[in-house]
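Residue-level listing of the chains:
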Amino acid sequence: DADNFPIVVNTDSTINTMIIGDNIVVLTTENFSVYSHSGKLVYSQPHNFASPAISVNGDKGVVFDRGYKSYMLINDKKVVYTGEAPHALICAEYGESGNYALGTYGEGATSMLTVYSATNKINFQWNCAYEHIVSIALSPNGKFAGAAVVGAENGEVFTCVKYFGFDYNEPLNSQTIP
């Protein structure tokens, strides 16, 4: 529908624009808005986040306050859930199966990976003693996760990808990238 175009947004406050499902989500310093492929506003949600960020996976996403605790699970039609992480957020991911994962600073660890079920119960938790979790991926079946971590050893910075099965306490596999 040409009547809905162009979509006018304040580019001074726009942080990110992404595809979510068949729609477009625009994250700004004050809110996020989802527009249909025809440019019609589907919904808009204000937020009070100091450092807003977004992660999208298909038709689902997490809008979160990086460095703080607040987050919202969204889809291309509505806000699904609003929550508070136990520690300050670094990254987040919403899985295809309805589970979601939060990478946070840890208590007694440098960072922590926590995976929640679709009903917001903790399914898996892993404390990363020395590295910072910078990215998370969840498997489509909701039973595995991958986490990219960044660390330093002997003055050298490295990245490592760790692969988890939720029935085990430690990574099933890891690959260090110098």
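See the structure shown above.
First, a word on what this report is: a plain description of the structure on this page. Keep in mind it's a predicted model, so treat the numbers as computed, not measured. (Residues numbered from 1 in each chain as written. Predicted model: local features only at pLDDT ≥ 70, side-chain atom pairs only at ≥ 80, totals over all residues. Heavy atoms only, no water.)

Concerning the pairing of strand S4 (residues 41-46)
- Relative to S4, strand S3 (residues 31-35) runs antiparallel, the two sharing five bridges. Note that in S4 the partner of Val34 across the bridge is Tyr43. (Pairing = 2+ DSSP bridges. Helix = DSSP H or I, 4+ residues; strand = E, 2+ residues; numbered from the N terminus.)

Quick look at the state of the cysteines
- Summed over all chains, the structure comprises zero disulfides.
- Free cysteine Cys91: the closest other cysteine sulfur is in Cys128, separated by 11 Å.
- Using a relative accessible area of 5% as the deciding quantity, one classes Cys91 as buried.
- A disulfide-free cysteine, Cys128 has its sulfur positioned 8.6 Å from the sulfur of Cys160, the nearest such atom.
- For Cys128, a relative accessible area of 0% puts it in the buried group. (Disulfide = S-S within 2.5 Å. Buried < 20%, exposed > 50% of the residue type's maximum accessible area, 1.4 Å probe, protein only.)

What about the environment of Pro140?
- Mapped onto the fold, Pro140 is located in the loop between strand S13 (132-138) and strand S14 (144-153).
- On a C-alpha basis, the gap between Pro140 and Glu96 in space is 5.3 Å, while along the polypeptide they are 44 residues apart.
- Those residues in contact with Pro140, other than ones at most four positions away along the chain, are Glu96 and Ser97. (Contact = heavy atoms within 4.5 Å.)

A few points about the nonpolar core
- Among the nonpolar cores identified, the biggest contains 18 residues, and Leu113, Val115, Phe124, Trp126 and Ile133 are the most heavily contacted of them.
- When contributions to this core are tallied by element, the ones reaching two or more residues are strand S9 (89-94), strand S11 (111-116), strand S12 (122-128), S13, S14 and strand S15 (156-165).
- The residues contacting Val115, other than those within four sequence positions of it, are Asn99, Tyr100, Ala101, Lys121, Ile122, Asn123, Phe124, Leu138 and Phe166. (Core = buried A, V, L, I, M, F, W, Y, C linked by side-chain atoms within 4.5 Å.)

Re the sheet that holds S14
- Spatially, S13-S14-S15-S16 is the arrangement adopted by the four strands of the open sheet, whose pairing is antiparallel. Each end of this open sheet is capped by a strand with a single partner; those strands are S13 and strand S16 (173-177). Ignoring which end each strand starts from, the neighbouring axes of this sheet average 20 degrees apart.
- Looking at chain direction, S15 and S16 are connected through five bridges and run antiparallel. When the sheet's bridge partners are listed, Thr159 is paired in S16 with Ile177. (Axes fitted to C-alpha atoms, helices over the stretch in contact; angles between N-to-C directions.)

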